[in-house]
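One letter stands for each residue in the lines below.
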Amino acid sequence: MQVKRLSISSYNVNGFSEGKSIAMSKLFEKSTFMLLQETWLNDNAFSSKFRDEISKKSVYVSDNKMDLSNKGGVSICYNLNVGNKVETIPTNSKCICAKKIIIGEISLVLINVYMPCTDTVDDLDKYSSILQEISTICIKSLTPMIIIGGDWNADSRRNDGRKNSSKSL
């Protein structure tokens, strides 16, 4: 199957539970790529549950990274039969997944992120570090198209450290 239209969805699962499987399944049916945040499952558990409950088709689940000390988890999911060449871009942070996607003559980078949600000094440092890593990925990608999605846990109307961190880049 050759991709004629690229569609990307993003969904903060807030814990992969039975009740969310229906919504995720419907979203995945309409998506070439699906970005998920806060799966709350490790890589093996997430991959197995996704295949069992969302798509029994030939599906790839990308690096469901999760820091076991919190309720995180980010993933990029897609069908293997879409005819794309998809390469993993290594990341240091467990809050980021990144892929380089080649569709015919088109090349793009797809980044999924789940940012810290509190305003503690440690989380603000982590927030800044993640922004820096995303910036580095973008600079090194050598591709004209970059799509960044996910849960930024930021609101431009708030006057907090996350807003100030974003301004510094």
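Small disclaimer: the values here were computed from a predicted structure and weren't measured. (Residues numbered from 1 in each chain as written. Predicted model: local features only at pLDDT ≥ 70, side-chain atom pairs only at ≥ 80, totals over all residues. Heavy atoms only, no water.)

A. Region of the structure containing the overall build of the protein. When its secondary structure is counted, the protein shows four helices and eight strands. Going residue by residue from the N terminus, the α and β elements of the protein occur as β-α-β-α-β-β-β-β-β-α-β-α. Each of the 169 residues in the protein was classed as buried or not, and the buried ones make up 46%. Long-range contacts, defined as pairs at least 24 residues apart, comprise 60% of the intrachain contacts of the protein with a sequence gap of at least 6. Summed over its atoms, the accessible surface of the protein is roughly 9200 Å², and 52% of this surface lies on carbon and sulfur atoms. (Helix = DSSP H or I, 4+ residues; strand = E, 2+ residues; numbered from the N terminus. Buried < 20%, exposed > 50% of the residue type's maximum accessible area, 1.4 Å probe, protein only. Contact = heavy atoms within 4.5 Å. Areas by Shrake-Rupley, 256 points an atom, 1.4 Å probe, with all protein chains shown as cover.)

B. The side chain of Ser 9, seen in detail. Positionally, Ser 9 belongs in strand S1 (residues 8-12). At 2.8 Å, the side chain of Ser 9 and the side chain of Ser 31 are in polar contact. (Polar contact = N/O pair within 3.5 Å; in protein donor to acceptor, adjacent residues only side chain to side chain.)

C. Focus on the sheet that holds strand S6 (residues 96-103). The mixed open sheet is built from four strands, whose spatial order is S5-S6-S7-S8. Either end of the sheet is taken by a strand with one partner, and the two such strands are strand S5 (85-88) and strand S8 (145-151). On average, each strand axis in the sheet is inclined to that of its neighbour by 20°, with strand direction left out of account. As paired strands, S5 and S6 are joined by four bridges and run antiparallel to one another. Its bridge partner lying in S6, Thr 88 is registered against Lys 99. Helix H3 (residues 121-140) rests against S6, strand S7 (106-114) and S8 of the sheet, and its axis sits at about 175° to S7. (Pairing = 2+ DSSP bridges. Axes fitted to C-alpha atoms, helices over the stretch in contact; angles between N-to-C directions.)

D. Broad picture of the pairing of S6. For S6, the tally of buried residues reaches six of eight residues, placing the bulk of the element in the interior. Bridge analysis of S6 against S7 gives eight bridges, and the strand direction is antiparallel. Each residue of the ladder has a partner; that of Lys 100, found in S7, is Val 109. Where S6 folds back onto S7 in an antiparallel hairpin, the turn is made up of two residues, including Gly 104, whose phi is positive at roughly 60°.

E. Region of interest: the nonpolar core. Judged by nonpolar contacts, the single largest core of 13 residues is most densely connected at Ile 96, Ile 111, Val 113, Met 115, Ile 130, Ile 134 and Ile 137. For this core, the elements supplying multiple residues, two or more each, are S6, S7 and H3. Considering every element that reaches this core, the biggest residue donor is H3, with five residues. Ignoring sequence-local partners within four residues, the contact set of Ile 137 consists of Ile 89, Thr 91, Ile 96, Ala 98, Val 109 and Ile 111. Phe 16, Phe 28, Val 59 and Cys 77 belong to the second largest nonpolar core, which has 12 residues in total. (Core = buried A, V, L, I, M, F, W, Y, C linked by side-chain atoms within 4.5 Å.)

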